[in-house]
Amino acid sequence: MAEEQNYTVLARKYRPFDLDGLIGQDALVRTLKNALKSGRLAHAFLLTGIRGVGKTSTARIIARALNNIPKEDAVDSHIDVVEMDAASNTGVDDMREVIEASRYRPLSAPYKIFIIDEVHMLSKNAFNALLKTLEEPPEHVKFIFATTEIRKVPVTILSRCQRFDLRRVDAEVIAKHLHNIALQEKVQIEDGAIRLLSSAAEGSVRDSLSLLDQAISYSGNTISEELVQEMLGYADKSKIILLFEVLLAGKIEDGLRIFEEISQTSAEPQQVIKDMLEFCHLITRFKISPKLKPENITELEAEKAAELAQKLSMSVLTFVWQMLLKAVSELQSAPNPGQAAEMALIRISHSTELPDNPDDLIRPPRRAETQAESQQPPAREFQSDFVPSPTTFAELAGIFKAKRELLVYQNLINDVSLVSIKPEQLEVSLGADAPKDLPGKVASLLSEWTGKRWMVSVSASIGEVTLAEQFAQKKQDLLETAKSQPSIQMVFERFPDAKITDVRESRSANGDNAAKKIMDKTD
């Protein structure tokens, strides 16, 4: 029982006591070692970074080195080291106490050191009270600030401090650190489990140690990859890869079945989508260059990513990425995340124009070939994927909609006015909300899709009204035409409060314009 009461969590037990024990911050360690060695010490240090990368530990290490505090003594209990949390001491009166204490010389050490954690939480008046002392501090005083929100610290404070940005620690570095700690704790842990823990920590050493602590409690002294997956709510990577493949092959029934199997293993829907995002990003890196292969992936992930990178186009990968990214935000607000995830998977499956065979993901759709087409030289076969060059601005915008470039499509119809359009030449005027890079993006994508070089230029001329305005005018004309129909006038006579909310053109079975379908509702 006494052993349980005296247990120290791993994050505290393995907190570094000197600069050599600080991992993943090589630039910081080198700078501080040289400063301590040469005696070129700033009067104020500002440490910033995400949670768990070593800000407070570094502050205490600096204080320990400056005041020659023995390893066995705690820094925060030293008589000449004042450590305070700005989240609990935010007012100007708290800073006045610090300023007053700074006037007195240290009792047993070279410096009077003030460590202020979460310094961004100080009030504006508290910062102002600290400015003068921080600008011209007594020679025996050192300030060490730590914050996760550097943008909330006034520039007047930043300019008076030597700033160190603590970076996220690489997953490979964290994995080696966890492996060494597992050996010291006499815990057997699989490499796959370490890889999962280091990845889940997202660059935070403290988070990785807390997760390792949790894994030991969950699994005992033998930690397997499967148990860590279950603890974290992660899905089996092979199942994620298979789900990705069948969705892009258009096999939505198989995809939903695999998703259900994954969900039954305690994997959260949000995590499944995030894992698919991660795999999509991995494929894209392989698509750019195989040299961009990360070190912390399995052989299966590398093999499948390389295979799919050869089969999938960059446009498909970026489209799937956008759909998955949208699904992540949808799941956060959805009342039932599982159903929202399934709907996202269905959208992806039906939106990718790919064949059923997953081994032939980039084969273009089959079409009837005439005898003349079959006699074309093989060198021209690649042109079958190109779309015809548009002859009107509406056709041009429609291509972007069909190609799922919806942001560009919205810009074209709302923020662009046509000046002139010729074969492979487009001249437009841009509205105030149009992105500056829109002309270049339109030219690049049209050149890629049509196989012909397009030139898009911006004119000072006013140009035509936007397509959105044309659509609105057309709808208004249809409404006016509908109101003049005798049958509609009879409806208004019987139902004076009726309103025509929409008018849609419809065609009869033989393709001729036969009627207009009018949908009307009462208030």
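Residues numbered from 1 in each chain as written. Predicted model: local features only at pLDDT ≥ 70, side-chain atom pairs only at ≥ 80, totals over all residues. Heavy atoms only, no water.

Participant: How do you make sense of the sheet that holds strand S3 (residues 112–117) when you look at a structure like this?
Facilitator: Backbone-to-backbone hydrogen bonds pair the strands of a sheet. The strands run either parallel or antiparallel. The strand order across the open sheet formed by five strands is S2-S3-S4-S1-S5, and the pairing between neighbours is parallel. Whereas interior strands pair on both sides, the edge strands pair on one side only; in this sheet they are strand S2 (81–85) and strand S5 (162–165). Adjacent strand axes in the sheet meet at a mean angle of 15 degrees, parallel and antiparallel pairs treated alike. Note that strand S1 (residues 44–48) and S5 share four bridges and pair parallel. Bridge pairing in S5 links Phe 45 to Gln 162. The strands that helix H6 (residues 124–135) touches are S1 and strand S4 (141–147); relative to S4, the one it contacts most, it runs at about 135 degrees. (Pairing = 2+ DSSP bridges. Helix = DSSP H or I, 4+ residues; strand = E, 2+ residues; numbered from the N terminus. Axes fitted to C-alpha atoms, helices over the stretch in contact; angles between N-to-C directions. Contact = heavy atoms within 4.5 Å.)

Participant: When you look at the packing of helix H8 (residues 171–184) against helix H9 (residues 191–200) in this model, what are you seeing that I'm missing?
Facilitator: Each packed pair of helices is defined by two parameters, the angle between the axes and the distance between the axes. Running from N to C, H8 and H9 cross one another at 125 degrees; their axes reach a closest spacing of 9 Å. One finds that H8 runs oblique with respect to H9. The two elements H8 and H9 cross, and the hand of that crossing is right-handed. Where H8 abuts H9, its residues Ala 171, Ile 174, Ala 175, Leu 178 and His 179 lie against Ile 194, Leu 197 and Ser 198. Along the lines of polarity and charge, the residues of the contact of H8 with H9 split into six nonpolar, two polar and no charged. (Parallel < 35°, antiparallel > 145°, perpendicular 65-115°, else oblique. Left-handed = near helix turned anticlockwise from the far one by under 90°. Nonpolar A, V, L, I, M, F, W, Y, C, P; charged D, E, K, R; others polar.)

Participant: Looking at this model, I keep getting lost on the environment of Glu 448. Mind explaining?
Facilitator: Its location among the elements puts Glu 448 in helix H21 (residues 438–450). Judged by its relative accessible area of 48%, Glu 448 is partly exposed. Distance in space between the C-alpha atoms of Glu 448 and Phe 386 is 8.1 Å, their sequence separation being 62 residues. (Buried < 20%, exposed > 50% of the residue type's maximum accessible area, 1.4 Å probe, protein only.)

Participant: Would you mind going over the sheet that holds strand S10 (residues 455–458) with me for this structure?
Facilitator: What the three strands build is an open sheet, ordered S8-S9-S10; its pairing is mixed. Strand pairing shows two members of the sheet lacking a second neighbour, strand S8 (416–422) and S10, which therefore form its edges. Each adjacent strand pair in this sheet contributes to an overall mean axis angle of 25 degrees, direction not counted. Here S8 pairs with strand S9 (residues 425–430) via six bridges, running antiparallel. Directly across from Leu 418, in S9, lies its bridge partner Val 428. This element, H21, spans S8, S9 and S10 of the sheet and lies at about 165 degrees to S10.

Participant: Even after reading the chapter, I still don't get the pairing of S3, so can you show me in this structure?
Facilitator: Here is the key point about a regular strand: its side chains alternate between the two faces of the sheet. Of all six residues in S3, six are buried; the element is thus mostly enclosed. Of the two faces of S3, the one lined by Lys 112, Phe 114 and Ile 116 and the one lined by Ile 113, Ile 115 and Asp 117 are each fully buried. The sheet contact formed by S2 and S3 spans five bridges and is parallel. What sits directly across from Val 82, in S3, is Phe 114. Handedness of the crossover is the feature at issue here: the chain leaves S3, passes through H6, returns alongside S4, and the resulting connection is right-handed. (Right-handed = clockwise from strand over helix to strand, strands pointing away.)

Participant: Got a minute to help me understand empty space enclosed by the protein in this structure?
Facilitator: Sizing a probe to match a water molecule and rolling it over the atoms shows the empty space that remains. Taken as a whole and judged by the stated rule, the model has two cavities of 30 Å³ or more. Size it by volume and the largest cavity reaches roughly 50 Å³. Around the largest cavity, the lining residues are Leu 412, Val 416, Leu 426, Val 428, Leu 430, Leu 438, Pro 439, Val 442 and Val 456. The set of elements that each furnish at least two residues to the lining of the largest cavity consists of S9 and H21. Partitioning the lining of the largest cavity into residue classes produces nine nonpolar, no polar and no charged. (1 Å grid on protein atoms, 1.4 Å probe; cavity = no way out; pocket = protein on both sides within 12 Å on 5 of 7 lines; lining within 4 Å. Points joined across faces, edges and corners; volume = space filled by probe spheres on them.)

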